[in-house]
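Structural description and commentary
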Amino acid sequence: GVSLTAHQDPADRDVEVSLRPRKLSEFVGQSRVREQLELVLHGALKRGDQPDHVLFSGPPGLGKTSLSMIIATELGSSIRVTSGPALERPGDLAAMLSNLNEGDVLFIDEIHRIARPAEEMLYLAMEDYRVDIVVGKGPGATSIPLELAPFTLVGATTRSGALTGPLRDRFGFTAHMEFYTPEELELVLRRSAGILGVDLRDDGAVEIARRSRGTPRIANRLLRRVRDFAEVRADGAVTREVARSALEVYDVDELGLDRLDRAVLGALIGSFHGGPVGISTLAVAVGEEPTTVEEVCEPYLVRAGLLARTPRGRVATAAAWEHLGLTPPQHAPG
Ligand code: ADP
């Protein structure tokens, strides 16, 4: 089967790029973050200053990359894109930084995974627009200071807790991205349907939005899968009925949970009597990386009231037992 949440194929990525909101006005939801960001950017523009470095945190697919690109557009500048895991050696980062033009935005995705030496180089770059390049080894090594053009760093992370204090402190503005409401996701879907030329009916939009795990990326992906179904098995119109039948084929259930979500709940309840159980044990039970379970799966299960985090581990709520068609035991939290 396909996992609609965890992994991504390249064809999907191309469509995703075409569906990216380009301007703040096209960016649906996150009204609080948007308002704050507008003030940060326009305040700096008005003073003629370089805007503060920005950190976005939150689960995947909520619009962190999109917002970073919008920041560059709003500032009328270019954006360079990289990621924490790509910055293995400080030299990689130094090359990136020294190529920036004045006012550029540098976007570092998964910034919590940056290697320590590169991270330390970033401190000085963020604070003073400067790096020290170490040339040579041993006693003959010298450090050559290099001036950088003023830039704005935008970092994105699915785990703000994994950032070191010194790195976190260097961001002037930190925003946490929230899951979207079904109504907001309907707006995302309508816009995407317009771009893709999908005949999306009102009741179809409601149905897909409800099952999108609060995530625009998933809403867009489900829309494309439902469109396939509508074109092959129906007359092309995406109605509620068509959406329901299609999502059943793709193993997306009434609450929008996919196979991995249900596997996690199934293991928690079936193998560990509802918990508490540690995240790594749970991950082994479903054959996934602990980080995937923790960063991709768990936030939505918590938000949907199906899973609770306790000091002793993860616990299935009464609603989780009921969702799997089981009777919750007395000890299950409500
Ligand atoms: P992240 O960086 O948080 O993983 P992205 O910015 O890559 O998320 O968003 C994934 C996709 O979801 C985008 O290509 C876009 O199509 C859609 N998307 C995300 N946020 C929004 C939004 N607020 N409004 C409209 N579409 C959005």
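Residues numbered from 1 in each chain as written. Predicted model: local features only at pLDDT ≥ 70, side-chain atom pairs only at ≥ 80, totals over all residues.

1. Quick look at the overall build of the chain
When its secondary structure is counted, the chain shows 14 helices and 9 strands. For 334 residues, the compact-globule formula gives about 20 Å, and the C-alpha radius of gyration of the chain, at 22 Å, lands near that figure. Reported as C-alpha extents along the three principal axes, the dimensions of the chain are approximately 70 × 45 × 35 Å. Each of the 334 residues in the chain was classed as buried or not, and the buried ones make up 40%. Taking as baseline every contact in the chain between residues at least 6 positions apart, the subset at least 24 positions apart corresponds to 67%. (Helix = DSSP H or I, 4+ residues; strand = E, 2+ residues; numbered from the N terminus. Rg over C-alpha atoms; globule rule 2.2 N^0.38 Å. Buried ≥ 20, exposed ≤ 12 C-beta atoms within 10 Å, placed from the backbone. Contact = placed C-beta atoms within 7 Å.)

2. Remarks on the site of the ligand
Lining the immediate surroundings of the ligand are 19 residues, of which G63, K64, T65, S66 and P216 lie closest. Residue assignment for the shell around the ligand shows that the elements contributing at least two residues are α1 (10-19), α3 (64-75) and α9 (216-233). Looking at the shell around the ligand residue by residue, the class counts come to 9 nonpolar, 6 polar and 4 charged. (Near = placed C-beta within 6 Å. Nonpolar A, V, L, I, M, F, W, Y, C, P; charged D, E, K, R; others polar.)

3. So, helix α4 (residues 90-98)
For α4, the set of buried residues is P90, L93, A94 and L97. The buried side chains of α4 occupy one side of the element, clustering within an arc of 100° when seen end-on. (Arc of directions from axis to C-beta.)

4. Quick look at the UniProt feature "domain: AAA+ ATPase" (unreviewed entry) in the chain
According to UniProt, the positions carrying the feature "domain: AAA+ ATPase" (unreviewed entry) are residues 50-183. Taken end to end, residues 50-183 has its terminal C-alpha atoms 35 Å apart, with 31% of it in helix and 27% in strand. (UniProt positions renumbered as here; feature names shortened; annotations may be inferred.)

5. With respect to the packing of α9 against helix α10 (residues 240-249)
As a packed pair, α9 and α10 sit with axes 9 Å apart at the nearest point and diverge in direction by 105°. Here α10 runs roughly perpendicular to α9, going by the angle between their axes. Mapping the contact onto sequence places L222, R225, V226, F229 and A230 in α9 and V242, A243, S245, A246, L247 and V249 in α10. Split into classes, the residues belonging to the contact of α9 with α10 amount to 9 nonpolar, 1 polar and 1 charged. (Axes fitted to C-alpha atoms, helices over the stretch in contact; angles between N-to-C directions. Parallel < 35°, antiparallel > 145°, perpendicular 65-115°, else oblique.)

6. Considerations on the UniProt feature "binding site: Mg(2+)" (unreviewed entry) in the chain
Taken from the UniProt record, the annotation "binding site: Mg(2+)" (unreviewed entry) applies to T65. Inspection of the secondary structure assignment puts T65 in helix α3. Other than its neighbours up to four places away in sequence, T65 contacts D109 and A156.

7. As for the nonpolar core
Across soluble globular proteins, nonpolar side chains have a tendency to be buried as a group. L189, I208, A219, V226 and V264 are the most contacted members of the largest nonpolar core, which has 77 residues in total. Beyond its immediate sequence surroundings of up to four residues, V264 is in contact with L282, V286, V293, C297 and L301. (Core = buried A, V, L, I, M, F, W, Y, C linked by C-beta atoms within 7 Å.)

8. Focus: the pairing of strand β2 (residues 79-83)
Note that β2 and strand β3 (residues 105-109) share 5 bridges and pair parallel. Bridge pairing in β3 links V81 to F107. The β-α-β motif built from β2, the intervening α4 and the parallel element β3 has right-handed crossover chirality. (Pairing = 2+ DSSP bridges. Right-handed = clockwise from strand over helix to strand, strands pointing away.)

9. Some words on the sheet that holds β3
Judged by pairing direction, the sheet is parallel, and its 5 strands sit side by side in the order β2-β3-β6-β1-β7 without closing on themselves. Single-partner strands in this sheet number two, and they are β2 and β7 (173-176). Neighbour-to-neighbour, the strand axes of the sheet open up by a mean angle of 15°, direction not taken into account. Set on the sheet, α3 makes contact with β1 (54-57), β2, β3 and β6 (152-157); between it and β3 the angle comes to about 175°.

10. Section: the pairing of β1
Every second residue of β1 is oriented toward a common face, with V54 and F56 on one face and L55 and S57 on the other, all of them buried. As paired elements, β1 and β6 share 4 bridges and run parallel to each other. Residue F56 lies in a different strand from β6, and its bridge partner there is A156. Here β1 pairs with β7 via 4 bridges, running parallel.

11. Considerations on unusual backbone geometry
Following G275, the chain continues to P276 via a peptide bond in cis, the omega torsion being 5°. Counting through the fold element by element, P276 comes out in the loop between α11 (259-270) and α12 (279-286). For E110, which is not a glycine, the phi torsion comes out positive at approximately 50°. Note on placement: E110 falls in the loop between β3 and α5 (116-128). Of the residues examined, E110 has 20 C-beta atoms within 10 Å and is grouped as buried. With a phi close to 50°, H273 is a non-glycine residue in the positive phi region. Mapped onto the elements of the fold, H273 is located in the loop between α11 and α12. When the 13 C-beta atoms within 10 Å are taken as the criterion, H273 is described as partly exposed.

12. Quick notes on helix α8 (residues 202-210)
Taken together, the buried positions of α8 are occupied by G204, A205, E207, I208 and A209. Buried-residue contacts for α8 involve α7 (182-196), α9 and α10.

13. Notes on the environment of S192
Within the element layout of this structure, S192 appears in helix α7. Given 22 C-beta atoms within 10 Å, S192 falls into the buried group. For the pair S192 and P21, spaced 171 residues apart in sequence, the C-alpha to C-alpha distance is 9.6 Å. With residues near it in sequence (within four places) discarded, S192 still touches L19, N220 and L223.

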